[in-house]
Amino acid sequence: MKKMLRIVSLCLMSLLMALPTAFAEDPAAVVAKIDTGDTGFVLMSAALVMLMTPGLALFYGGMVRTKNVLSTLMQSFFIVGLISVQWVLWGYTIAFGPDINHLVGSLSWLGLNGVGVEPNADYAATIPHLAFMVFQGMFAVITPALISGAFAERMKFPAFLVFTLAWVTFVYDPVAHWVWGVGGWLREMGVLDFAGGTVVHIISGVSGLVIALMIGKRKDYGKKAIIPHNLPMVLIGGALLWFGWFGFNAGSALGANGLAAIAFVTTNASAAAATVSWVLVEWLYSGKPTVLGAVSGCVAGLVAITPGAGFVSPLSAIIIGLAGGVICFFSVSVMKAKLGYDDALDAFGVHGVGGTFGAIATGLFASKEINPAGADGLFFGNPEQLLTQVIGVVASWAVAIIMTYALIKIISVFMPIRSTEDEENSGLDIAEHGEKAYAYQDLITDFTGGPAFMSVEAANPEISNFKVALAEGGKK
Amino acid sequence: MKPITKIEIVTRPEKLEELKAGMHEIGVQGMTVTQVYGCGLSKGHKEVYRGKEVTVTLLPNIKVEIVVCEIPVQLVVDTAKKICHTGRVGDGKIFIYLIANAVRIRTGEEGEIAIIDPED
């Protein structure tokens, strides 16, 4: 009864919160400036980016052990729900709302108040403002999901929820404002970040590293073999990421146009090049070309091209991909082992390192011939752009480190962050979610209760003689 | 023929590596390990699938089978007890069997020689 009351009151509360937005909309607003092609493209791109998060769930889920696959899937999939709601209620306005001091958006678009079908010319002049909003919302969803790779197999679910909500609100949303929001200080300085190398990959990867260091290694790390339990699942997830990334990067052109085509091609070229380079360098370095290497390589290439996707040529994209694959390979297979942190699924090794490399590579390879709205990089005669990119990188590293450290410290006052040893032993699937990914069905259904045990000695009279024989055998 | 004894240890899965290392230390060369499910004093747990509750009374364990001849049985048992003991329900059990004979398939050798690995 008490439970029901709580559920009903929660429902009522959420209804009340929804009220202002319900009345704020003006469905009659028909705007002539909207381009149907652009709108269709951006909405489809938003759907593609949405698919990346379940893809990431599979990519990560296949890499953990059988007993933790559900908790890992949940740490991505549940975020699609949690952050989609946060984005509508207050996330969008913090990130893209009218600027306050170049640091953060104001709360005037709370609950999407005033965000309707009419385009917002500052962001995208040819598509409904709501289409831009939902496209950006999918970015806010996948970014915290990326972090979960760093603390996989050992973080408590309640702490994960609070952290994710706080992190998106206090880290992602403001940094998105700095880089993409009108009036944001990094945007005004001229930092080039086409689709989120800084906003998405650097801050998620670096935050992941901070958490991995703060909560410590998995109990079995370095003591037992921890191997991926389902590599085909990793490949399906990686392929979905590659597929969805076309929406992520080409969609960031915010129109069905030439720039979108450029970003589409550079994205594919870089992912492909990194797939090849990771596998080759791994083959030379450790002796075998692995499937996990190929999938990791494509993700590394996708991360590396993200900030430059709409600013560089396809040939530059291949160079960025080749280098990104090699750099990320060494960061996860050599640097991680040398430094000894347990970034379980390499959120930092791929997204932090790859994102940082990509942001700097954009300062090298960007060309106004490709995108007149961008800038020239070092290789096209503008060394200052490289410096600007480095400032963007340093700022995002700094905010990710400081804020994540503070958030985890604060949350740990109120609740345990790390799973207990017993929970780690039994696996988070049972401990946190009460489910098993792969059930031994026949054993469950056939089991009808405890059998009546007899006294062992009564059942086997010879056992007493056996004990004597044993004792003698033991003495020899 | 010296008596041949099988020691069967059913215990927590997370103890496997430690158990292997401990056995190696006292000279046990080989073992057979099986993933098993079992019940006993351990209460099990509840799982819920779309509102439907399932009580799972069988919990995952490992079964380690060791056959010895020269190594004292008591030493194997004591080592296993020391490693697997946590004092909580679910530590497992050790069963000890007399073995009638043993055959090494490769050479056809029988008896104790079949289970004593040649020194290298």
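All figures in this text were calculated on a predicted structure; none of them were measured in a lab.

What counts, and at which threshold
- Residues numbered from 1 in each chain as written.
- Chains lettered and ligands numbered in written order.
- Predicted model: local features only at pLDDT ≥ 70, side-chain atom pairs only at ≥ 80, totals over all residues.
- Helix = DSSP H or I, 4+ residues; strand = E, 2+ residues; numbered from the N terminus.
- Buried ≥ 20, exposed ≤ 12 C-beta atoms within 10 Å, placed from the backbone.
- Contact = placed C-beta atoms within 7 Å.
- Core = buried A, V, L, I, M, F, W, Y, C linked by C-beta atoms within 7 Å.
- Pairing = 2+ DSSP bridges.
- Axes fitted to C-alpha atoms, helices over the stretch in contact; angles between N-to-C directions.
- pLDDT = per-residue confidence, 0-100.
- Expected span 1.5 Å × (residues − 1).
- Left-handed = near helix turned anticlockwise from the far one by under 90°.
- Nonpolar A, V, L, I, M, F, W, Y, C, P; charged D, E, K, R; others polar.
- Parallel < 35°, antiparallel > 145°, perpendicular 65-115°, else oblique.

Draft legend 1. Spatial organisation of the overall build of chain B. Scanning chain B for helices and strands turns up three helices and six strands. Along chain B, helices and strands appear, N-terminal first, in the series β-α-β-β-β-β-α-β-α. Over its C-alpha atoms, taken along the principal directions, chain B stretches across nearly 60 × 30 × 25 Å. A buried classification covers 19% of the 120 residues belonging to chain B. When contacts within chain B are restricted to residue pairs at least 6 apart in sequence, those whose partners lie at least 24 apart make up 73%.

Draft legend 2. Layout of the overall build of chain A. A tally of helices and strands in chain A yields 18 helices and two strands. Taking all 476 residues of chain A together, 51% fall into the buried category. A fraction of 75% describes how many contacts in chain A between residues 6 or more apart in sequence connect residues 24 or more apart.

Draft legend 3. Summary view of the nonpolar core. Residues V49, L56, I142, A150, L241 and L302 of chain A are the most contacted members of the largest nonpolar core, which totals 141 residues. When sequence neighbours within four positions are dropped, the list of residues in contact with I142 of chain A reads V49, M52, T53 and L56 of chain A. By size, the runner-up hydrophobic cluster in this structure holds 17 residues, among which are M23, I66, V67 and I115 of chain B.

Draft legend 4. View of the sheet that holds strand β1 (residues 4-11) of chain B. All names here are of chain B. Overall, antiparallel pairing links the four strands, which are arranged β2-β5-β1-β6 in an open sheet. Lying at the two open borders of the sheet, with one neighbouring strand each, are β2 (32-38) and β6 (92-99). Direction aside, the axes of adjacent strands within the sheet are offset by 20 degrees on average. The sheet contact formed by β1 and strand β5 (residues 59-68) spans seven bridges and is antiparallel. When the sheet's bridge partners are listed, I9 is paired in β5 with V64.

Draft legend 5. Representation of the confidence of the model for chain A in the model. Mean pLDDT over chain A stands at 89; residues scoring 70 or higher make up 86%. The low-confidence segment residues 19-31 of chain A, where pLDDT is below 50, has 15 contacts with residues more than four positions distant or belonging to other chains.

Draft legend 6. A look at helix α9 (residues 258-286) of chain A. Compared with the 42 Å implied by 1.5 Å per residue over 29 residues, the 42 Å span of α9 of chain A between its first and last C-alpha is a close match. Where α9 of chain A ends, the next residue or the one after it, G287 of chain A, has phi of about 100 degrees, a positive value.

Draft legend 7. Region of interest: the pairing of strand β3 (residues 45-49) of chain B. Residue and element names in this part refer to chain B. Little of β3 is tucked away: zero of the five residues are buried. Alignment of β3 against strand β4 (residues 52-56), held across five bridges, turns out to be antiparallel. Bridge assignment links V48 to a residue of β4, and that residue is E53. Turn length for the β3-β4 hairpin, with the two strands adjacent in sequence and antiparallel, is two residues, and the turn residue R50 shows positive phi of about 45 degrees.

Draft legend 8. Layout of the packing of helix α7 (residues 197-215) of chain A against helix α12 (residues 347-365) of chain A. Residues and elements named next belong to chain A. Between α7 and α12, whose axes approach to 7 Å, the crossing angle comes to 145 degrees. You can see that α7 and α12 cross each other, and the crossing is left-handed. Within the contact between the two elements, α7 uses G197, T198, H201, I202, S204, G205, V206, G208 and L209 and α12 uses A347, F348, H351, G352, V353, G354, G355, T356, G358, A359 and T362. When grouped by side-chain class, the residues that make up the contact of α7 with α12 number seven nonpolar, 13 polar and no charged.

Draft legend 9. Layout of the confidence of the model for chain B. Predicted confidence across chain B gives a mean pLDDT of 89, with 98% of residues reaching 70 or more. Confidence metrics for the complex model read pTM 0.84 and ipTM 0.72.

Draft legend 10. A look at unusual backbone geometry. All names here are of chain A. At H102, a residue that is not glycine, the phi angle is positive and equals roughly 65 degrees. Take H102: there are 15 C-beta atoms within 10 Å of it, and that puts it in the partly exposed class. Even without being a glycine, L254 presents a positive backbone phi close to 60 degrees. Following the sequence through the fold, L254 ends up in the loop between α8 (231-250) and α9.

Draft legend 11. Fine view of the environment of G355 of chain A. Tracing the chain through its elements places G355 of chain A in helix α12. Here the alpha-carbon distance between G355 of chain A and G97 of chain A, two residues 258 residues apart in the chain, equals 26 Å.

Draft legend 12. Spatial organisation of helix α13 (residues 383-414) of chain A. Helix length check: α13 of chain A, at 32 residues, gives a terminal C-alpha distance of 48 Å against a target of 46 Å (1.5 Å per residue), a fit within 8%. Considering only its buried residues, α13 of chain A is in contact with α5 (157-180), α6 (185-189), α7 and α12 of chain A.

Draft legend 13. Region of the structure containing the packing of helix α2 (residues 36-61) of chain A against helix α4 (residues 129-147) of chain A. Residues and elements named next belong to chain A. One can describe the packing of α2 onto α4 by two numbers: an axis separation of 9 Å at closest approach and a directional angle of 15 degrees. In terms of orientation, α2 lies roughly parallel with respect to α4. In terms of crossing hand, the pair formed by α2 and α4 is left-handed. Taking contact as the criterion, the partners of T39, V42, L43, S45, A46, V49, M50, M52, T53 and L56 in α2 are, on α4, A131, V134, F135, M138, F139, V141, I142, A145 and L146.

Draft legend 14. Representation of the environment of W397 of chain A in the model. All names here are of chain A. Positionally, W397 belongs in helix α13. With 18 C-beta atoms counted inside 10 Å, the residue W397 sits in the partly exposed group. Along the primary structure W397 and V206 are separated by 191 residues, whereas in three dimensions their C-alpha atoms are 6.4 Å apart. Sequence-distant contacts of W397, that is, excluding residues within four places in its chain, are made with I202 and V206.

Draft legend 15. Structural context of the environment of H85 of chain B. With respect to the helices and strands, the residue H85 of chain B is situated in the loop between α2 (73-84) and β6. Note: C-alpha distance between H85 of chain B and R12 of chain B (73 residues apart in sequence) is 9.8 Å.

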